[in-house]
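An overview of the molecular structure
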Amino acid sequence: MGRPRIEPVVWRAPRPGRKPKASLPSLTVRQVTGTGAEDVLVDEHGHVFTGVEDGRVLRLTADGRRLDTITDTGGRPLGLELYPDGRLLVCDADKGLLLVDKKNGEIEVLIPSGPGLRVCNNAAVAKDGTIYFTDSTSRFDLEFWRADILEHSGTGRLLRRSPDGSVETLLDGLHFANGVALAADESYVVVAQTGEYCLNRLWLAGDRAGESDVLVDNLPAFPDNISTGSDGLIWIAMAAPRDPVVDLLLRTPPRVRQVLWRVPERLQPKEKRVVWVRAVDGATGRLVHDFYGKAPDYHMVTGVREHEGTVYLGSLNERAIALFELP
């Protein structure tokens, strides 16, 4: 297929924001025993899986009454997916791309972290076991994600691991490559560029196979994990609204930005405490759902999963997952 490169997008100030179509429905917040339930995955029984910053992968029963530890990766689990053989695929920012047995917690390392995989972040899995996954940056570890956004050096990648174990880069030059979603018919894969406020699409089949384009551009917030819902839509976790200060900084020379990200964290721009998710049509990029609001006990949505009419949320900052019913 070759290695099509995403060309840098000319920086533009945000266009006047369109007000969200719908206010945020009432949230149900379910606590977990760990900080940073960054992503959410729902299985056929309605059980919810998430990973927390101390390395544990957790399973919360559908009724929210029981929480089990599936395994401890010893790293920082982020994106979660179901693998065709029933195991969990775990993108671990410290340990790499992993498969976890849900029954006994045994871990198989598919691709270890190292020079070739700095921050394994999110993934999507095809029916034959092909894995599409992101390496967010080759410059920084996960804890310095703000530095990568500000430096804006574009070292992220979208990769593919075939069932035979071979790995290839599909897209490079991405600005903090993040969420990954696969079309229901597997004709294309979508990747979120957090630092470019956009979703890129790579066609995998048909007349356009090998071509890449922009599915959604100039988002009003930082896109994080994405997923394909049971409704066929591409759901986007909108971690925080765009910050005019950050937009301005990204228009300064690279050396200036490198100095700025070394400023103490307490002086750096802070994310706003909102809950925001969107869903778009994967064929046209048309906005279908847009839920925005504030909750007293939840913010910074970094993971989203729609499952049979219920939308589940994960957060890099919270000790909980949240959910709401589609209106």
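The structure under discussion appears in the preceding block.
A brief report on the enclosed structure follows.

Cut-offs applied
Residues numbered from 1 in each chain as written. Predicted model: local features only at pLDDT ≥ 70, side-chain atom pairs only at ≥ 80, totals over all residues. Heavy atoms only, no water. Helix = DSSP H or I, 4+ residues; strand = E, 2+ residues; numbered from the N terminus. Buried < 20%, exposed > 50% of the residue type's maximum accessible area, 1.4 Å probe, protein only. 1 Å grid on protein atoms, 1.4 Å probe; cavity = no way out; pocket = protein on both sides within 12 Å on 5 of 7 lines; lining within 4 Å. Points joined across faces, edges and corners; volume = space filled by probe spheres on them. Nonpolar A, V, L, I, M, F, W, Y, C, P; charged D, E, K, R; others polar. Core = buried A, V, L, I, M, F, W, Y, C linked by side-chain atoms within 4.5 Å. Contact = heavy atoms within 4.5 Å. Polar contact = N/O pair within 3.5 Å; in protein donor to acceptor, adjacent residues only side chain to side chain. Phe/Tyr/Trp six-rings, centres within 6.5 Å; stacked < 30°, edge-to-face > 60°. Pairing = 2+ DSSP bridges. Axes fitted to C-alpha atoms, helices over the stretch in contact; angles between N-to-C directions. Salt bridge = Lys/Arg side-chain N within 4 Å of Asp/Glu carboxyl O.

Some details on unusual backbone geometry
If you check the backbone angles, M300 has positive phi at about 55° while not being a glycine. Along the polypeptide, M300 turns up in the loop between β22 (287-293) and β23 (301-307). A residue is classified by how much of its surface remains accessible, and M300, at 4% relative accessible area, is buried. In this structure, E308 takes a positive phi of about 50° despite not being glycine. Locating E308 in the fold gives a position in the loop between β23 and β24 (310-315). For E308, a relative accessible area of 65% gives the class exposed.

Some details on the layout of surface pockets
Roughly 640 Å³ of internal volume is contained in the largest pocket. In terms of lining, the largest pocket is formed by 26 residues, of which the most central are E81, L82, V125, T228 and R305. Contributing elements (two or more residues each) for the lining of the largest pocket: β3 (41-42), β7 (77-82), β11 (120-125), β15 (177-182), β19 (221-228) and β23. Counted by class, the lining of the largest pocket contains 14 nonpolar, five polar and seven charged residues.

Structural notes on the nonpolar core
It is characteristic of soluble globular proteins that their nonpolar side chains tend to be buried jointly. The biggest cluster of nonpolar side chains holds 25 residues, and the ones touching the most others in it are L199, I226 and V280. Of all elements in the fold, only α1 (145-151), β16 (188-193), β17 (198-203), β18 (212-216), β19, β20 (234-241) and β21 (275-280) reach the threshold of two or more residues within this core. In terms of residue count, β20 provides more of this core than any other element does, four residues in total. Contacts of L199, omitting those with residues within four sequence positions, involve V190, V191, A192, V214, L215, V216, P223, I226, I234 and I236. In this structure, A237, V277, V301 and A322 belong to the second largest nonpolar core, which totals 18 residues.

Thoughts on the side chain of H299
As for its position among the elements, H299 is in the loop between β22 and β23. Here R273 takes part through its side chain, which lies 3.2 Å from a polar atom of the side chain of H299. There is a polar contact of 3.5 Å between the side chain of H299 and the side chain of N317.

Remarks on the packing of aromatic side chains
Using the criterion set out here, one finds four aromatic pairs in the structure. Arranged with centres 5.3 Å apart and planes meeting at 65°, the rings of Y188 and W203 form a pair that is edge-to-face. Remark: W203 occurs in strand β17 and Y188 occurs in strand β16; sequence separation between them is 15 residues. Accessibility classification places Y188 together with W203 in one group, the buried group.

Regarding the sheet that holds β7
The pairing of strands in a sheet comes from backbone hydrogen bonds and takes either a parallel or an antiparallel form. Here four strands make up an open sheet; going across it, the order is β7-β8-β9-β10 and the pairing antiparallel. Two strands close off the open sheet at either side, each with one partner strand: β7 and β10 (107-112). Ignoring strand direction, the axes of neighbouring strands in this sheet form an average angle of 25°. Taken together, the five bridges between strand β8 (residues 88-92) and strand β9 (residues 96-100) define a ladder with antiparallel strand orientation. Each residue of the ladder has a partner; that of L89, found in β9, is L99.

Topic: the sheet that holds strand β13 (residues 156-161)
With antiparallel pairing, the four strands of this open sheet are ordered in space as β11-β12-β13-β14. Unpaired on one side and paired on the other, β11 and β14 (167-174) mark the two borders of the sheet. Between one strand axis and the next, the sheet turns by 20° as a mean value, whatever way the strands run. When strand β12 (residues 131-135) meets β13, the two strands line up antiparallel, connected through five bridges. Residue pairing in the sheet places D135 in a bridge with R157 of β13.

A look at the pattern of salt bridges
The full count for this structure, using the stated rule, is 14 salt bridges. Linking D213 and R201 is a salt bridge whose minimum nitrogen-to-oxygen distance equals 2.9 Å. Highlighted residues: D213 in strand β18 and R201 in strand β17, separated in sequence by 12 residues. R201 shares its class with D213; the two are buried. Members of the salt-bridge network, linked through shared partners, are R201, R208, E211 and D213.

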